[in-house]
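Observations on the model geometry
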Amino acid sequence: MRSIITMRDVDEALDAHDEVPLKKRREIRSAIRTIFRVIGRSPAEFRAAPVDLRRIVETVPWQATGYSKAVWQNQLSLLRAGLRVVGIDVKRERHRHLTTPAWDAVLASLPRSKCKALTPLAGWASAMAIEPDMVDTAVFARYGAYLEETSLRKGLRRSILATRWALNAWLSAAHPDRPQIALDSRQRFQSRPWEAFPPSFRADVDAWREWAASGHDEDDDDDDDREDRDALKPGTVKNYVNAFRRAASRLADDGVPTEQFRGLVALIDEDRVRHLRRLLRRKGADKQADHAVILTFSALLSAAKWIEEVRPDRMVATVAAGIARARKAVGKAADRRGGMAEKNRLILAALRNPRLGVRYRNLAEQVAIRFPAGKSLSVANAIDLQMYLLHEVLQETGIRVGNAAGLDLDRHIVRPLAGNGGPWLVAISEEETKTGRPINLQLSVSTTALLDDYLARARPLLQKFPSPALFLTMNGLRKAAKDLSTQYGNFTESEIGIRITPHFHRHYWATTIINEGGDLATASKIL
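Here goes a summary of the coordinates provided. (Residues numbered from 1 in each chain as written. Predicted model: local features only at pLDDT ≥ 70, side-chain atom pairs only at ≥ 80, totals over all residues. Heavy atoms only, no water.)

1. A short note on the overall build of the protein chain
Looking only at helices and strands, the protein chain has 22 helices and three strands in total. Here the analysis covers contacts within the protein chain between residues at least 6 apart in sequence; of these, 62% occur between residues at least 24 apart. When the accessible surface of the protein chain is summed, it comes to about 28,400 Å², and 52% of that surface belongs to carbon and sulfur atoms. (Helix = DSSP H or I, 4+ residues; strand = E, 2+ residues; numbered from the N terminus. Contact = heavy atoms within 4.5 Å. Areas by Shrake-Rupley, 256 points an atom, 1.4 Å probe, with all protein chains shown as cover.)

2. What to know about the packing of aromatic side chains
The relative placement of two aromatic rings is captured by the distance of their centres and the angle of their planes. On inspection of all chains with the given rule, the structure shows 14 aromatic pairs. Taken together, a centroid distance of 6.1 Å and an interplanar angle of 35° make the contact between W208 and Y240 tilted. Taken as a pair, W208 in helix α9 (residues 199–214) and Y240 in helix α10 (residues 234–253) lie far apart in primary sequence, 32 residues in all. The residues W208 and Y240 share a single accessibility class, namely buried. Between the aromatic rings of Y388 and F491, the centroid separation amounts to 5.0 Å while the plane-to-plane angle is 90°, which identifies the pairing as edge-to-face. Here the residue Y388 occupies a position in helix α17 (residues 379–397), and F491 occupies one in helix α20 (residues 481–495), the gap between them amounting to 103 residues. In this pair, the class of Y388 matches that of F491, namely buried. Site record: aromatic cluster; members linked through ring pairs are W124, F140, Y143 and Y146. For the cation-ring pair, R272 lies above F261, with the distance from its terminal atom to the ring centre recorded as 5.5 Å. (Phe/Tyr/Trp six-rings, centres within 6.5 Å; stacked < 30°, edge-to-face > 60°. Buried < 20%, exposed > 50% of the residue type's maximum accessible area, 1.4 Å probe, protein only. Lys NZ or Arg CZ within 6 Å of the ring centre and 35° of its normal.)

3. Notes on helix α4 (residues 69–85)
A rise of 1.5 Å per residue sets the reference length of α4, with its 17 residues, at 24 Å; its end C-alpha atoms lie 24 Å apart and thus fit the reference within 8%. Among all positions of α4, only W72, Q75, L76, L78, L79, R80, A81, G82 and L83 are buried. On the buried face of α4, the contacting elements are α1 (7–13), α2 (22–38) and α3 (50–59). Note on α4: the residue one or two positions beyond its end, G87, has a positive phi of about 95°. (Expected span 1.5 Å × (residues − 1).)

All we've got here are geometric facts, nothing functional implied.
Spelled out as structure tokens, the structure:
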């Protein structure tokens with residue numbers, strides 16, 4: 001028997017399997033050729049391994065293929081069947097293994113959503129003779145590895161997380177004394193406890209925390225020569241405190257005696273800064289390492305400013321300048337072309353596909369098709385119409401999702417000319433924006449019509465009591481920014497084929513401004 005290495009080998013090997021009807025073999029071979037023709041690659045370029053073929057499922061949504069969703073899913077199903085025919089293990093996505101009575105009892109005790117998420121694990125564990133009480137982090141890691149090696153499912157990572165969520169929910173209810181299931185068996189770096197360092201180190205950190213959280217306005221005290229300084233946000237203070245302890249722990253783990261950390265000034269040392277940068281860069285992937293260096297060095301810079309203010313030290317100022325240069329160099333070396341994150345560049349690249357680009361730009365046209373005038377809407381339809389409106393507002397204005405979630409009909413959405421018709425305006429004061437600049441943007445005629453439709457047919461189905469919020473939950477409450485972002489991502493993945501975050505529209509909007517003749521400074525000022 002010939003060895004199967006690439007998908008071309010699979011295609012050619014099917015002829016030798018007479019146990020499979022000829023018609024079925026022809027359908028499989030046709031599907032293999034169709035799939036690789038659509039992605040513009042040769043079957044010889046792909047290993048006959050689910051872990052490689054999953055990239056096709058992940059990166060090529062059916063909306064980009066020119067086929068309907070049902071036809072494309074059938075092609076992928078035939079691809080799986082072809083792999084199984086030639087002896088390659090591929091997980092059957094809709095096949096349910098028989099479960100043991102113990103697993104049946106676990107599934108029966110869970111609500112529907114958690115039962116659905118846990119069922120695949122229950123089937124796999126039953127086939128492996130693993131009962132619920134035997135599942136721990138190591139067993140769950142084996143299950144995750146099995147899926148990684150055999151599944152062609154899109155969104156596999158989210159599926160694994162959902163299964164872990166359901167399993168931990170059962171553990172919390174049935175066995176509260178057992179530890180929760182970690183995502184994998186790898187151990188993350190654990191900082192040493194504060195007690196491992198001299199008390200003066202913690203006291204110094206607490207003093208810095210108070211200084212950082214208070215800020216200073218030079219107008220408040222004419223006799224004070226200190227520079228004007230804004231208070232750090234609580235989240236930033238918390239991250240910096242953790243960064244101080246983590247930096248000292250890493251140095252201690254690498255041989256620096258803990259008794260030397262008598263205060264934050266022990267970290268503001270030229271040799272230790274270089275030592276720390278090597279440790280952080282060595283700890284993992286470049287992107288993660290760059291982020292760790294930037295966060296840690298930002299914390300050290302803040303500590304240096306505090307030390308200079310409360311007890312001026314020329315050596316500290318010299319080292320702080322070196323830290324600033326190092327942080328800037330790492331930031332430039334990080335992959336941030338155009339200030340755009342990697343995931344947003346990938347989305348922008350995907351939208352260059354003509355089919356996906358058209359769906360993205362003309363998504364609102366689906367409203368007239370799905371919800372024609374006069375049709376009564378369900379609550380689920382109202383949420384979909386809400387997402388269509390959010391898409392158009394984000395696409396036209398580029399506002400942050402926090403500002404979108406905070407839009408009020410009585411303050412931010414206004415008609416010009418005292419309500420005499422015409423396009424709606426989005427007006428947000430400078431106090432409500434992150435940049436401190438007001439936003440005053442006019443919506444297009446089509447988006448105005450969509451907003452009118454939403455207010456007339458959809459929003460009344462969601463409103464349970466008086467509320468000025470534009471975007472409401474099914475319970476009539478203002479929709480939180482995080483929930484709005486998650487729901488929008490699910491919506492775009494379903495409608496367009498790629499998961500788009502609300503923040504992406506800011507990059508898309510700025511790119512559009514530049515492509516239409518604007519300059520980078522103008523785009524930056526508007527955003």
